[in-house]
Amino acid sequence: MVKLTMIARVTDGLPLAEGLDDGRDLQDAEFYKQQVKALFKNLSTGHNEPSRMSVETGPYIFHYIIEGRVCYLTMCDRAYPKKLAFQYLEDLKNEFERVNGSQIETAARPYAFIKFDTFIQKTKKLYQDTRTQRNISKLNDELYEVHQIMTRNVQEVLGVGEKLDQVSQMSSRLTSESRIYADKAKDLNRQALIRKWAPVAIVLGVVILLFWVRKKIW
């Protein structure tokens, strides 16, 4: 069964829509929602994840597709057919682009398209029972194959993101420290030049002053 559905903008991880009653019968629903948000954040940081992927998490599996800078994600039981899950996401994608496509980039607040929940609920009902003739036909449809879609573990996916974040933070820290050291080096060089030439400047100043005083007197 489809347990959870969320849609987010990939560029910044902003959640755009969600199935409002998704997860009410799901134990630890908030935990899985936090994992989804972590996945969205991972995608927004520019890690080159595939545009279609399945991610295992406990007894469930996340399936997502990315199209037009938008990520469409659903969480299903592991036994739910992968093919139906991606067909479900394709249906959501097509309708979401049709209705909200021109407003996706300008959306500024979370869940700006919450009204899309109506379509999510209606579509979810069509896909809940895998034994209906409609869904059996989709399973037999050879036009949409999912064999090439990668399946990974959620710890692996989020772990890679965390490691890359750590590398990025370390790089930023090193860059910042390099600037500090460079500035200190400039200050030291400046002080060294002052110490080297200050006596010479003082002597020249005294000599010039003496010449000036002598000229005034004579």
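Residues numbered from 1 in each chain as written. Predicted model: local features only at pLDDT ≥ 70, side-chain atom pairs only at ≥ 80, totals over all residues. Heavy atoms only, no water.

**Some points on the nonpolar core**
Right, on to step 1. Residues Ile7, Leu16, Phe96 and Phe116 are the most contacted members of the largest nonpolar core, which totals 26 residues.
Right, on to step 2. Within the residue set of this core, elements represented by two or more residues are strand S1 (2–9), strand S2 (15–18), strand S5 (70–77), helix H2 (82–100) and helix H3 (117–128).
Right, on to step 3. The dominant element in this core, judged by the number of residues it contributes, is H2, at 7 residues.
Right, on to step 4. Beyond its immediate stretch of four places on either side in the chain, Phe116 contacts Ile7, Ala17, Leu92, Glu95, Phe96 and Asn100. (Core = buried A, V, L, I, M, F, W, Y, C linked by side-chain atoms within 4.5 Å. Buried < 20%, exposed > 50% of the residue type's maximum accessible area, 1.4 Å probe, protein only. Helix = DSSP H or I, 4+ residues; strand = E, 2+ residues; numbered from the N terminus. Contact = heavy atoms within 4.5 Å.)

**A few points about a nonpolar patch on the surface**
Right, on to step 1. On the surface, Leu193, Trp197, Val200, Leu204 and Ile208 cluster together into a nonpolar patch covering about 520 Å² of accessible area.
Right, on to step 2. Looking at the element boundaries, Leu204 is found in helix H5 (residues 154–217). (Patch = residues over 30% accessible without salt bridge, like charges linked within 9 Å, V, L, I, M, F, W, Y side chains within 5 Å. Areas by Shrake-Rupley, 256 points an atom, 1.4 Å probe, with all protein chains shown as cover. Salt bridge = Lys/Arg side-chain N within 4 Å of Asp/Glu carboxyl O.)

**So, the UniProt feature "transmembrane region" (unreviewed entry) in the chain**
Right, on to step 1. UniProt tags residues 197–213 as "transmembrane region" (unreviewed entry).
Right, on to step 2. In residues 197–213, the share of helix is 100% and the share of strand is 0%. The end C-alpha atoms are 24 Å apart. (UniProt positions renumbered as here; feature names shortened; annotations may be inferred.)

**Observations regarding the side chain of His63**
Right, on to step 1. Inspection of the secondary structure assignment puts His63 in strand S4 (residues 60–67).
Right, on to step 2. Within the structure, His63 has its side chain in polar contact with the side chain of Ser54 (distance 2.8 Å).
Right, on to step 3. With sequence-adjacent residues up to four places away left out, His63 is seen in contact with Met53, Ser54, Tyr72, Leu73, Thr74, Cys76, Lys82, Ala85, Phe86 and Leu89. (Polar contact = N/O pair within 3.5 Å; in protein donor to acceptor, adjacent residues only side chain to side chain.)

**Quick word on the pairing of strand S3 (residues 52–57)**
Right, on to step 1. Most of S3 sits out of view: 5 of its 6 residues are buried.
Right, on to step 2. As paired strands, S3 and S4 are joined by 6 bridges and run antiparallel to one another. Across the sheet, the residue bridging to Met53 is Tyr64, located in S4.
Right, on to step 3. Between S3 and S4, which follow one another and run antiparallel, lie 2 residues, and Gly58 among them has a positive phi close to 55°.
Right, on to step 4. Where S3 and strand S6 (residues 150–153) come together, 4 bridges link them in parallel fashion. Paired with Met53 across the strands is Met150, a residue of S6. (Pairing = 2+ DSSP bridges.)

**A look at the confidence of the model for the chain**
Right, on to step 1. The predicted model of the chain has a mean per-residue pLDDT of 80, with 79% of residues at 70 or higher.
Right, on to step 2. Below pLDDT 50 for its whole length, residues 161–171 participates in 5 contacts with residues either more than four positions away or in separate chains. (pLDDT = per-residue confidence, 0-100.)

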